[in-house]
Amino acid sequence: MAETVLDVEALSVTLDTPSGPLAAVHHVSFALERGQSLGIVGESGSGKSMTALALMNLLPRSATRQATRLRLLDHDLTALPDRRFAQDLAGQRIGMIFQEPMTSLNPVYTIGRQLTEGVVRTGQMDAAAARRRALEMMARVGLPDPATRFDQYPHQFSGGQRQRVMIAMALMAEPDVIIADEPTTALDVTVQAQILRLMADLQRDLGMAMILITHDLGVVAQTVDRVAVMYAGEFVETGQVAQVLGAPRHPYTAALLHAAPEPDGARHRLAAIPGQIRPVYGQRSACVFENRCAHATPDCRAGHPGLRAAAPGHAYRCVLPPQPRPAAVQPQPTGQPRDVGSAPPVISLTGVSRVFASRATPFHRPHSLRAVDRVDLDVLPGETFALVGESGSGKSTLARMLLGLDTPSEGEIRIDGQPVSALQGVDRARRIQPVFQDPYSSLNPRRRIGEIIAQPMALHGLGSAAERSQAVEEVMARVGLPEAFRHNYPNQLSGGQRQRVAIARALILRPEILVCDEPTSALDVSVQAQILNLLADLKAEIGLTLFLITHDIGVVHQIADRVAVMQAGRIVERGPAARVLHSPAEAYTRTLLAAVPSIARALATGAQERGQPDGH
Amino acid sequence: MLKYILQRVALALAVAVVLSFVTFLLLNFATDPAYAIAGEDAEPEVVEQIRKTYGFDRPVLVRYAEWAGGVLRGDFGESYYWNKPVAELVADRAPVTLLLAVMSLSVTVVIALPLGIVAALNPNSALDRMALGIAVSAQAVPNFWLGLIMIILFAVQWRLLPVSGDATLMHFVLPSIVLGASSVPAVMRLTRTGMLDVMESDYIRTARAKGFRGAALVRRHALRNALLPVISVLAVQLGAKFSGSVITETIFAINGLGRLALESILGSDIPTVQILIFLFAIVFVAMNLLADILNAALDPRLRIA
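Note that the structure is a prediction, hence the values are computed from the model and not measured.

What counts, and at which threshold
- Residues numbered from 1 in each chain as written.
- Chains lettered and ligands numbered in written order.
- Predicted model: local features only at pLDDT ≥ 70, side-chain atom pairs only at ≥ 80, totals over all residues.
- Heavy atoms only, no water.
- Contact = heavy atoms within 4.5 Å.
- Buried area = accessible area lost by both parts, 1.4 Å probe.
- Salt bridge = Lys/Arg side-chain N within 4 Å of Asp/Glu carboxyl O.
- Polar contact = N/O pair within 3.5 Å; in protein donor to acceptor, adjacent residues only side chain to side chain.
- Helix = DSSP H or I, 4+ residues; strand = E, 2+ residues; numbered from the N terminus.
- Axes fitted to C-alpha atoms, helices over the stretch in contact; angles between N-to-C directions.
- Parallel < 35°, antiparallel > 145°, perpendicular 65-115°, else oblique.
- Left-handed = near helix turned anticlockwise from the far one by under 90°.
- Pairing = 2+ DSSP bridges.

Draft legend 1. Summary view of the interface of chain A and chain B. On the chain B side, the residues contacting the 31 residues of chain A number 30 residues. For the pair chain A and chain B, the summed buried area comes to about 2700 Å², and 55% of that belongs to carbon and sulfur atoms. At the junction of chain A with chain B, the criterion picks out three salt bridges. One salt bridge connects Arg220(B) with Glu117(A), and the closest N-O pair in it is separated by 3.4 Å. Linking chain A with chain B are 17 residue pairs in polar contact (both at pLDDT 80 or more). Among the elements of the structure, α2 (82-88), β7 (94-97), α3 (111-121) and α6 (159-171) of chain A are those that each provide at least two residues to the side of chain A that touches chain B.

Draft legend 2. Structural context of the packing of helix α16 (residues 495-507) of chain A against helix α17 (residues 525-542) of chain A. All names here are of chain A. Contact geometry of α16 with α17 gives a least axis separation of 9 Å together with a crossing angle of 20°. It follows that α16 is roughly parallel to α17 by the angle criterion. Crossing geometry of α16 relative to α17 is assigned as right-handed. Every residue of α17 that contacts α16 at Gly496, Gln499, Arg500, Ile503 and Leu507 is listed here: Val527, Gln530, Ile531, Leu534, Leu535, Leu538 and Ile542.

Draft legend 3. Geometry of the sheet that holds strand β15 (residues 368-379) of chain A. Residues and elements named next belong to chain A. In spatial order, the strands read β15-β14-β17-β18; together these four strands make up an open sheet with antiparallel pairing. Either end of the sheet is taken by a strand with one partner, and the two such strands are β15 and β18 (418-419). With five bridges joining them, strand β14 (residues 347-357) and strand β17 (residues 410-415) adopt antiparallel strand pairing. Among the inter-strand pairings, Thr350 is bridged to a residue of β17, identified as Glu412. Against the sheet, helix α12 (residues 395-402) touches β14, β15 and β17, its axis set at about 115° to β14.

Dropping the structure here:
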């Protein structure tokens, strides 16, 4: 029996809010042995990050922590004052890696200083020993030329390299427990794969216990031994990865699995989870998922369900008998492209380049960067065309040029056979409309939903007030927004509803083409499914052409007809989505695809590697 | 870093040249120096005579070149009003004003920085509210009024400090407080906002996860980041102390550049006014240059020239 390093029983975090005490974390219990890893999966607002912050004594001022037991090694954290925790444990016995590598390092101090200061502060090592250790750890996490990079500053490192620095920093004191909160969410998929592999290797080699917090089921499946699914502050299902993801017993776990596009499987309509997390104030007297659960019965409201065992080590909180997995999945409506082959392309790019050049000044020689490099591209009417690439590949620059927000340095873009430059004002607005990535910042917070949606008409002076009102009503119905929302402000809506508003605003002029730049990457999995289904429906019902820009292979798999893979400004591979995703011809495409975390693949290889999925 | 400094110095010099030209033009077009010397009631022939004698009839560019050449050689021209070389006047008065400016900036720093930092570390506490209260009232109080009140209280009523003059260091205490107080609100608010932002930042959370708390956290991780914007503002404030000395020196009867400027303006002494305006502007430019270099020394991201 290995040593238990972290033992948590009935951990709760209560936030003091204007509407009363909110239980952000409710009676969470788990124990971690040396060398074990636990994944905590959940959507935004589930309390997964609060759990981590509670373990690290990093909770915001408005939060309070209670637990019947909270032990780290032989320290009782419930009784330990924060000064002592900071002095003896933080960073030494328990370390943490954060989500945002770009902002989590102090910009004004060298990497070396930030790596070494923790162990030097506590007197574990003198400066020289700390430096040796830092160089060793930098090499270990795969940072080339540690001796030079030791004296460099964070801005001289890329995002992936900074996350490696963060990992090296967390490992400096050889902690017994390491907590990683969405460590790869901000990174490109190929970098994510490297970082996850590195973390799994280090955890095994150094015999640490690890808690990995993520919203991505694929990441969990391929990285940890055990998983806890978190919802509304509680662990609704816990067990070995193969148990929970392979044979889920809680309806929420099952629903999450169905909502995530799985690149390896056959394309089917995603089962979106309706509604949103309901925050629980005060006592818990019913199942927390009951309001969104497809199987809910009056029993679910009778009391708060306790933990039940499905198998040894596999527990869940649900009073219902095991649900059969939905056998018949709905097919995705496709809506065949109109007159495939014969129709002229609706978007046509010939030799399009965009060169960014810095201005020559007395102090600088001008230098230039080819963000988009001689791209030829045709998009047919009624198809969904996906442009895939990692950050910096030039895909967003291409989208901006398509929308007329930027002008190509070379080449020509035609829409409906006319050059984009010749299309102005309402002519262009009636053909092509954008949907942006972040619905939290792309809607004016001071305007009502109705005004926001009608804005394109108002801008071009189209229609009378009554006509605009009529158009808003129609388009809101089309995107599935209740009419009552037209007098609300954006901050009263959830992320998914806001993205529907953005889509409604784009549709009100009845354009032929929607340019969607990462339309779901700011949304939770269950909400992403709603938006992808909506886009597929719109395409089938009104014959929209969708130009989709994304880094997410799952999204491409879910709705794209054709796909082009972009790397360093060029298109390296293109073709029908099924062909490119299943038998890629180019090495870069293969790397990209192999890097995408897949639950099915992870479960299959995990079963092979581990033999029996009981972890002993 | 060296390249960055050279760049900044070159830019500062360019700004200084343009400034000197603009001030020269403004003064020579806005006023007629010949009239200024002759006095309001002079006969036109006398004015014409003066214009010839002093060379005011030559093209303005020629006169600028002559003046600028003189300035470069340290010859600031001759004062009509004081009948002395301007350079001598300035050299006499400058140390007093410099002392006043540095002392009042110290007053600003000593009050504003700690207040801003403490307020930011305890947001919405009684301390924070008090600091904001001080800032708002200080902003609302006019400089000259504060000066008079302080004289009445500290010099006349309680006789703790001298009323006016510049004989001893004690004479500078009241004027420094008056002049320094005017910058406290702006600097304190900026320090508070900067500190608040930094304390909320991801890298502070990282430092807390490493076990840093309290004073060590502020000193080792927050302070430098929070003070970067404050440095630029302090530089501008020091420049403002020089121009602000015109009023304060008059109230406290201090014989510095500010009072020299006022007297020269009243006496239509164009050569002196010209040099003083130019000097005050140059102080701004120099302080901004200093702030740029300091910022670059403290923030590696700025060093990429």
